[in-house]
Amino acid sequence: MNASLDSRTPAPAPQAAPEAALPRQTEALRLRLAELRGPETAPYPLDARALAALAANPGCRRRALLDGAGVDKAALARAIGSPATFGQSQFAFVRGNAFEARVGADAGAELVRLLVETHRDVAAPGPEGVSVPDLTATGQAARAARTRLALTEAFTADRWSLLFHPMVTLDVAGAPAHLEPDVVAVGPDGHCTVVEIKSFPVVDGSADAAKVGAAARQAAVYALALGRLAERIDGPEPSHRGAPRGTDRIRPTALLVCPRDFSNLPTGEPVDIRKQLAVTRRQLARLTRIEEIAASLPEGTTFDLRPAADGTATRPVDELVHAVESVGASYSPECLAACELAIHCRSRSRGSGAVEALGRSVRGELGGLTTVESVLLAAAGTQGDETDPAVSSLRRAAALRAEALAGETPCH
Amino acid sequence: MSLMTTLARMEAVAAGRAQPAATVRHRHLSARPMALVPLTTAGEAGAPLGALVGTDRDAPRLLVVPQPRDRDLRFAFLAGLADAVLPYLEGYADGVETEERKETDPETGKKVPVEVELCADAPQLLVPGAGGVEFVRLLGRSMRFRRTAEQDPQAPYPAPPHVPLLGRWLTHCAERARVPGSSMLLSMTDLLARHWATGQSGLEDQHLGALLAWIDPPVGESGADAALRVELERFPDAASSGEQAGLLRHPPSGPATDPVFDNRLLAPAMARFDAARSAVERRDAERRIRELVASQLEPAWQLLWRGVDLLRKLPEGGHVADRWKRDRWSYTGHRDRVRAGEPPQPKRDDAVTAAQKLASRETAQARLEAQEALDDPLVMAARRLAGEAFAGEVTEVVMARSEGRRPMPRPLVTVRTDDRPHVNDGVRVFRVLGDKVQSAEFVAYEPDGIVLRLTGGMGQGKEPKPGSVPEEGDRLCWTLFEHAPRGGPALPDPEATPWTHGGPPPEGTLVADAPDPPTDEDLL
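Residues numbered from 1 in each chain as written. Chains lettered and ligands numbered in written order. Predicted model: local features only at pLDDT ≥ 70, side-chain atom pairs only at ≥ 80, totals over all residues.

Regarding its fold elements, chain A presents 15 helices and 8 strands. With the principal axes as the frame, chain A shows a C-alpha extent of 80 × 60 × 45 Å. Within chain A, the proportion of its 412 residues that are buried is 42%. By sequence separation, contacts in chain A at least 24 residues apart represent 65% of the contacts at least 6 residues apart. (Helix = DSSP H or I, 4+ residues; strand = E, 2+ residues; numbered from the N terminus. Buried ≥ 20, exposed ≤ 12 C-beta atoms within 10 Å, placed from the backbone. Contact = placed C-beta atoms within 7 Å.)

Below, the structure written as structure tokens:
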């Protein structure tokens, strides 16, 4: 298992043009991915949430390919008749935006206050104030270029800089993903902090662990991408004492900004993301190369929905399902909350009797038995090798269960 | 997941309906529980949108917040909730019995028996899912520090009467719900999933409708199909189903709502409410929101009571009453604290209280595991599979005595078993003997079974009490775990908190936490 991402970056010398900073994508692969997506279709952006979900299930070739090719999975799922169960309520959307606007108001003064409050080693901004560069531009590439320029400037400026909605890129399984962190704060000492603004509350200093975990995984994706960018800006020289360079610029703690208690006032909590960073880095490196997956598909496979003028898919469902099924998936119930195609994958997984449909942990005790049928046959004693420890425990379990249900043994 | 549960789930897949995961009911079910089905506003964690509440399944009380951003409307909701819930919660305070308890006499330092009050019964709150329990905790936290006009005439936004008191009670229920085996506040999905194994994953079992479809599918439909339908089915296009097009046919059981419902129906209705100029318009808009919220709540209300019906059919486990008595003690204790005028529960526990809670929950967990196994052969079967218990037939009993000045009977008993317990030298095992526990220790593995030396339960005499020594042919079940595990050593008083844990609290800090400062954009 070699780190395919790491082997591509960093480049030996700082690159001049920002475009060259983008991961090199061969023309052939680009064409192939466009063909998979449908030549008329704009690629669906791959965001940090999707990346974090992908990193959580690195063995899923289907998700890697569809995300890498920029296929709109939600539309695809609708077209094959298994729409996703999750959506966003406009109340949540409005609330999230309102809170973020509030946190960023006043040129980020509140944010810097939270940063200084939660990090002991950072200095409060002096009279020179906080610089908030304008990062607006048309197109992802142009925005990424602006971000790079602004970051280069912020590294050398002896003052606080806040980059609101910068755009950074990360090479994911051979295709570039454009990511948009909420805020990146650069301190006067040249250190960067990823700031995640979330609208779930922190009540009495504690918040929903699942939501904090998701935010940390997302922040780790941003930190990883920022680290790569900082490396390209600074070049390969290692850090000297007191003057961080490259990936050392990125703080291993992200700042999570949430509403406090039952109010709309922001509160900041530093979240250690070292573990998530390591996991994300490793999982992304493990992602099967999209090129390889694409090459393994039958000739002419495409996920093109051929949308009509009103956006409805005109492609026959059979064809689409066939295309989806030509790439292997690795389904587990956790997918239901993270992937638009999960309902489809679940019905396939259940249909084939895969044991993972009951939960990822189920596999552990079942050894080589991978289907519900084989497990039940082994338990009934009609199939399976008695010397296999998994089979013999299953038989004992089945015998004990039958005995208990028949009321034959007292429990005391 | 244990292999036993995995197997049960797979049997459920093959059978197309849920399989038993217990043969008795392991939780107390009140004769008159109060059901509470709350809904929250998406994105505003904790801002209530509405609730159905009551003890009569045919006459629930509907409470709705037409605009969750409006403080007065939220307060009206909370006042309504206090009105519906508080009489029920406090209704058990006066029916008491007396119990004798040993307490240390402050003057002599001796343990003396004292008569104390114990409430004869306690309230029980049922919510549809784990999210409901969390919501009760959040509601409790948001209410208990509020000040009413009576308590503090200067309060900028005084809470309606009884709201802080309800907050304290809900906090108590939510805190109690963290104790393993407690039954004061229960989630229906957890309750059902404890007693039945479905052919889907634990994550999917969080959907109350799907879970019930597996356990009790409609006639002529498999549980798997019914669960899938309940989980995914949406109303077809606008032509045939009108405004409900695209909505889930079986709305989720809260506290979160279906986003499609929010976007298509609720948001426009709230916009109309906000735009209402006259009292008539406002009343119409409010009625519309009430109808909408009720349409999302009622299915969950029905499901919850269906769950109660199913659970009532199971016989109660033998130790359930013992655990419910501990809930009654906790209820009585909280009643006394409220009556004594103590301040609300703090925002954060001090070190000693936190350690105490943790220790008591660990003890409760160990006790629950032991009691469930003793009450239920199916649970015991899982422990036997794990090597933590064994059952078998007595093949030989040899009388023996201990050495020492006063030899005591220590008979050797050989038990033939097919189980594979993890026993070796010196391991103690236990079995139920009448209403007591008999202990023994492992001696040796022999070709025809496991040899044990009985070490207790035979009385103080030279000869064992009649019936206390098993005979050849008896079928026994021995456990490697204690039947009544006790907690660890006592913890110091808060005033003696060691420096490693922050030291004793400074003088004068034992006052109540301040209420949350009101801001213009509060959510609760």
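Let's shift gears to the overall build of chain B. Counting secondary structure elements, chain B contains 13 helices and 15 strands. Reported as C-alpha extents along the three principal axes, the dimensions of chain B are approximately 95 × 70 × 40 Å. Looking at the 524 residues of chain B, the share that counts as buried comes to 41%. The contacts of chain B with a sequence gap of at least 6 include a subset with a gap of at least 24, amounting to 63%.

The next subject is the confidence of the model for chain A. With 91% of its residues at a pLDDT of 70 or more, chain A shows a mean pLDDT of 83. Mean pLDDT values for the elements of chain A range from 39 in helix H1 (residues 18–21) of chain A up to 94 in helix H13 (residues 342–351) of chain A. (pLDDT = per-residue confidence, 0-100.)

Residue and element names in this part refer to chain A. When the domains of chain A are assigned, the result is domain 1 (27–86 + 289–332 + 340–354), domain 2 (90–284) and domain 3 (358–405). Taking only C-alpha atoms, the centre of domain 1 and the centre of domain 2 are 31 Å apart. In this assembly, 16 residues from domain 1 lie in contact with 16 residues from domain 2. No other element matches the 5 residues that helix H3 (residues 48–56) contributes to the side of domain 1 that touches domain 2. When grouped by side-chain class, the residues that make up the side of domain 1 that touches domain 2 number 11 nonpolar, 1 polar and 4 charged. (Domains from an automatic or database assignment. Nonpolar A, V, L, I, M, F, W, Y, C, P; charged D, E, K, R; others polar.)

We now examine the domain arrangement of chain B. Assigned domains of chain B: these are domain 1 (22–347), domain 2 (348–375 + 486–516) and domain 3 (389–479). If you average the C-alpha positions of domain 2 of chain B and of domain 3 of chain B, the two centres end up 38 Å apart.

Below, the discussion takes up the nonpolar core. All names here are of chain A. One finds Ala223 and Leu226 to be the most contacted residues of the largest nonpolar core, which totals 218 residues. Here this core gets 13 residues from one element, more than from any other, and that element is helix H9 (residues 209–234). Every residue in contact with Leu226, bar those within four places of it in the chain, is listed here: Val168, Val184, Cys192, Val194 and Ile250. (Core = buried A, V, L, I, M, F, W, Y, C linked by C-beta atoms within 7 Å.)

As a further point, take unusual backbone geometry. Residue and element names in this part refer to chain A. Despite not being glycine, Asp106 has its phi angle at roughly 65 degrees, a positive value. One can find Asp106 in the loop between helix H6 (90–104) and helix H7 (109–118). Phi angles above zero are rare outside glycine, and His165 is one such case at about 45 degrees. You can see His165 is positioned in the loop between strand E2 (160–164) and strand E3 (168–172).

Residues separated by three or four positions in an α-helix point in the same direction, a consequence of the helix having 3.6 residues per turn. Residue and element names in this part refer to chain A. Taking 1.5 Å as the rise per residue, H9 with 26 residues should run 38 Å; its terminal C-alpha atoms sit 36 Å apart, in good agreement. In terms of burial, H9 is largely enclosed, as 20 of its 26 residues are buried. Phi turns positive, to about 85 degrees, at Gly235, one or two residues after H9. (Expected span 1.5 Å × (residues − 1).)

It is worth spelling out the sheet that holds E2 of chain A at this point. All names here are of chain A. Here we have 6 strands laid out as an open sheet, ordered E1-E2-E5-E6-E7-E8, and mixed in their pairing. Sheet topology places strand E1 (130–131) and strand E8 (266–272) at the edges, where each strand pairs with a single neighbour. Where E1 lies against E2, 2 bridges are found, and the strand directions are parallel. The partner of Ser131 across the bridge, within E2, is Ser161. (Pairing = 2+ DSSP bridges.)

All names here are of chain A. Burial along strand E4 (residues 175–179) is one-sided: the residues Ala175, Ala177 and Leu179 are buried and none of Pro176 and His178 is. Summarising the sheet, E3 and E4 pair through 5 bridges and their orientation is antiparallel. Residue Val168 lies in a different strand from E4, and its bridge partner there is Leu179.

It is common to give the size of an interface as the accessible area lost on bringing the parts into contact. Each partner contributes to the interface: chain A provides 45 residues, whereas chain B provides 50 residues. Going through the elements one at a time, H6, helix H14 (372–380) and helix H15 (389–405) of chain A are the ones with two or more residues in the side of chain A that touches chain B. Top element by residues in the side of chain A that touches chain B is H15 of chain A. It accounts for 10 residues. Class assignment of the residues belonging to the side of chain A that touches chain B gives a composition of 24 nonpolar, 14 polar and 7 charged.

All names here are of chain B. Burial runs high along helix H13 (residues 377–385): 9 of the 9 residues are buried. Looking only at H13, the buried set comprises Pro377, Leu378, Val379, Met380, Ala381, Ala382, Arg383, Arg384 and Leu385. Once H13 ends, the next one or two residues include Gly387, with phi positive near 80 degrees.

Adjacent strands of a sheet form backbone hydrogen bonds with each other and so pair up, either parallel or antiparallel. Residues and elements named next belong to chain B. Strand order in this open sheet of 5 strands is E4-E3-E2-E7-E8, and the pairing throughout is mixed. Of all the strands in the sheet, the pair left with one neighbour each is strand E4 (61–64) and strand E8 (185–187). Shown here is a sheet whose adjacent strand axes are inclined to one another by a mean of 20 degrees, direction ignored. Helix H3 (residues 130–144) contacts strand E2 (34–40), strand E7 (125–127) and E8 of the sheet and is inclined by roughly 145 degrees relative to E8. (Axes fitted to C-alpha atoms, helices over the stretch in contact; angles between N-to-C directions.)

Further remarks concern the environment of Leu66 of chain A. Looking at the secondary structure, you find Leu66 of chain A in helix H4 (residues 61–68). Contact partners of Leu66 of chain A, with chain neighbours within four places excluded, come to Val71, Lys73 and Phe303 of chain A.

Looking now at the packing of helix H5 (residues 188–195) of chain B against helix H6 (residues 208–215) of chain B. All names here are of chain B. Contact geometry for H5 and H6: axes closest at 10 Å, N-to-C directions at 25 degrees. The pairing of H5 with H6 is recorded here as roughly parallel in orientation. Crossing of H5 against H6: the hand is left-handed. When H5 is examined against H6, the residues Met188, Thr189, Leu192 and Ala193 are found in contact with a partner set consisting of Leu208, Leu211 and Ile215. (Parallel < 35°, antiparallel > 145°, perpendicular 65-115°, else oblique. Left-handed = near helix turned anticlockwise from the far one by under 90°.)

Turning our eyes to something else, we now look at the environment of Lys73 of chain A. Residues and elements named next belong to chain A. As for its placement among the helices and strands, Lys73 is situated in helix H5 (residues 73–79). Sequence separation between Lys73 and Leu229 is 156 residues; the distance between their C-alpha atoms is 29 Å. When sequence neighbours within four positions are dropped, the list of residues in contact with Lys73 reads Leu66, Glu340 and Leu341.

What follows is about the environment of Trp499 of chain B. For Trp499 of chain B, the location among the structural elements is in the segment after strand E15 (475–479). Assessed through the 7 C-beta atoms surrounding it within 10 Å, Trp499 of chain B is described here as exposed.

Attention now goes to the packing of H9 of chain A against helix H10 (residues 274–286) of chain A. All names here are of chain A. Relative orientation of the contacting elements H9 and H10 amounts to 65 degrees, with a least axis distance of 8 Å. Relative to H10, the element H9 lies roughly perpendicular. Of the two possible hands of crossing, H9 and H10 adopt the one that is right-handed. Together, Ala216, Arg217, Ala220, Val221, Ala223 and Leu224 of H9 and Gln276, Leu277, Thr280 and Arg281 of H10 make up the contact between the two elements. For the contact of H9 with H10, the residue count by class is 6 nonpolar, 2 polar and 2 charged.

Where the model shows low pLDDT, its predicted coordinates should not be examined in detail. Averaged over all residues, the pLDDT of chain B is 90; the fraction at 70 or higher stands at 96%. In the predicted assembly, ipTM is 0.88 and pTM is 0.89.

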